[in-house]
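Descriptive analysis of the structure
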Amino acid sequence: MIVTERSDPWHLRTRRFLRATDQRGELVRGARFLRKLVPGEADPLAPPTGRSSDRLARLLAEAGADRPSATRELGLAAVQAWQAVRRTDARPRATDGITVLFTDLVGFSTWALEAGDERVLALLREVSDVTESIIKGHRGSVVKGLGDGVMAVFADPAEAVNAAYETCSAVSVIKAEGYLPHLRAGLHRGNPQRVGDDYFGVDVNIAARVMAAADGDEVLASGSVVEELDADAVIVRPRRNFRAKGTPKDLRVYRVVPRYSAT
């Protein structure tokens with residue numbers, strides 16, 4: 001008697017074919033490239049906002065996160081496009097002068113190489129939750145996540161300083177195995193160009209350069225920020241010999257610490 005192997009049902013063969021197609025390298029790369037062209041950012045690490053589109057972004061990012069997927073990348077691109085069309089935030093207009101904040105985790109990249117994805121993502125989510133909450137509490141708006149930091153904008157420079165300092169303090173008590181999180185922050189006030197949901201220009205670059213010069217748990221601010229602050233509300237110390245490529249030679253930078261009332 002001749003025994004022949006029975007082929008798998010058609011729906012199983014179809015499922016395998018579709019999965020293999022979805023994971024093809026050229027399709028995944030093409031979908032990722034398309035996503036980069038869409039304005040905005042569907043960030044699965046962003047703290048919950050209550051928006052259905054943010055929940056959808058998280059679900060898409062977590063679905064089959066262990067394998068590449070062209071469908072997932074296209075889905076996230078669609079969420080970005082929808083959010084770009086339906087923006088409802090009230091970010092300050094550059095014509096009024098805004099304070100730009102950049103933050104960054106010191107020494108994070110070195111630790112992340114050895115820590116593994118699970119621990120890295122857990123830390124980034126916790127840092128992101130704390131950062132978003134404090135910035136919103138000081139009437140600021142997160143423009144975008146930058147992996148281990150954020151870019152945010154404020155209409156009120158005093159609120160920006162308080163938010164930066166409190167975020168650094170809050171992050172410093174977060175526990176992570178093998179790593180002590182220390183955030184650094186930089187502030188600059190100017191009139192950057194707003195394009196869609198983002199800001200560009202020299203003033204943005206200056207804020208980023210000021211942040212890069214800060215040490216862990218330190219908030220640095222340019223003179224344009226300090227000039228707008230109440231002298232009785234903040235401790236200001238000049239940062240000597242500040243030099244950074246792409247910044248004005250006469251740029252003054254200060255270490256700033258809020259004075260909190262004891263009452």
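Below you will find a few notes about this structure. Not measured: the values here are computed from a predicted model. (Residues numbered from 1 in each chain as written. Predicted model: local features only at pLDDT ≥ 70, side-chain atom pairs only at ≥ 80, totals over all residues. Heavy atoms only, no water.)

**Thoughts on the pattern of salt bridges**
All chains considered together, the criterion is met by 10 salt bridges. When the shortest N-O distance is used, the salt bridge between D104 and R184 registers 2.9 Å. You can see D104 sitting in strand β1 (residues 98–105) and its partner R184 sitting in strand β4 (residues 183–190), a full 80 residues away along the chain. In this structure, R252 and E227 form a salt bridge, with 2.7 Å as the shortest nitrogen-oxygen distance. Of this pair, R252 sits in the loop between β8 (234–238) and β9 (253–258) while E227 sits in the loop between α9 (223–226) and β8; the two residues are 25 residues apart in sequence, bridging distant segments of the chain. Accessibility expressed as a relative area gives 42% for R252, which makes it partly exposed. (Salt bridge = Lys/Arg side-chain N within 4 Å of Asp/Glu carboxyl O. Helix = DSSP H or I, 4+ residues; strand = E, 2+ residues; numbered from the N terminus. Buried < 20%, exposed > 50% of the residue type's maximum accessible area, 1.4 Å probe, protein only.)

**Points about the pairing of β9**
Here β9 lies mainly inside the structure; 5 of its 6 residues are buried. Relative to β9, strand β7 (residues 219–222) is paired through 3 bridges, and the arrangement is antiparallel. If you follow A221 over to β9, its bridge partner there is Y254. Both β8 and β9 contribute to a ladder of 5 bridges, which runs antiparallel. The residue bridging V234 from the neighbouring strand is P258, located in β9. (Pairing = 2+ DSSP bridges.)

**A short note on the environment of R24**
Considering the arrangement of structural elements, one finds R24 in the loop between α1 (10–22) and α2 (25–37). Taking C-alpha positions, R24 is 8.3 Å from P68, a pair spaced 44 residues apart along the chain.

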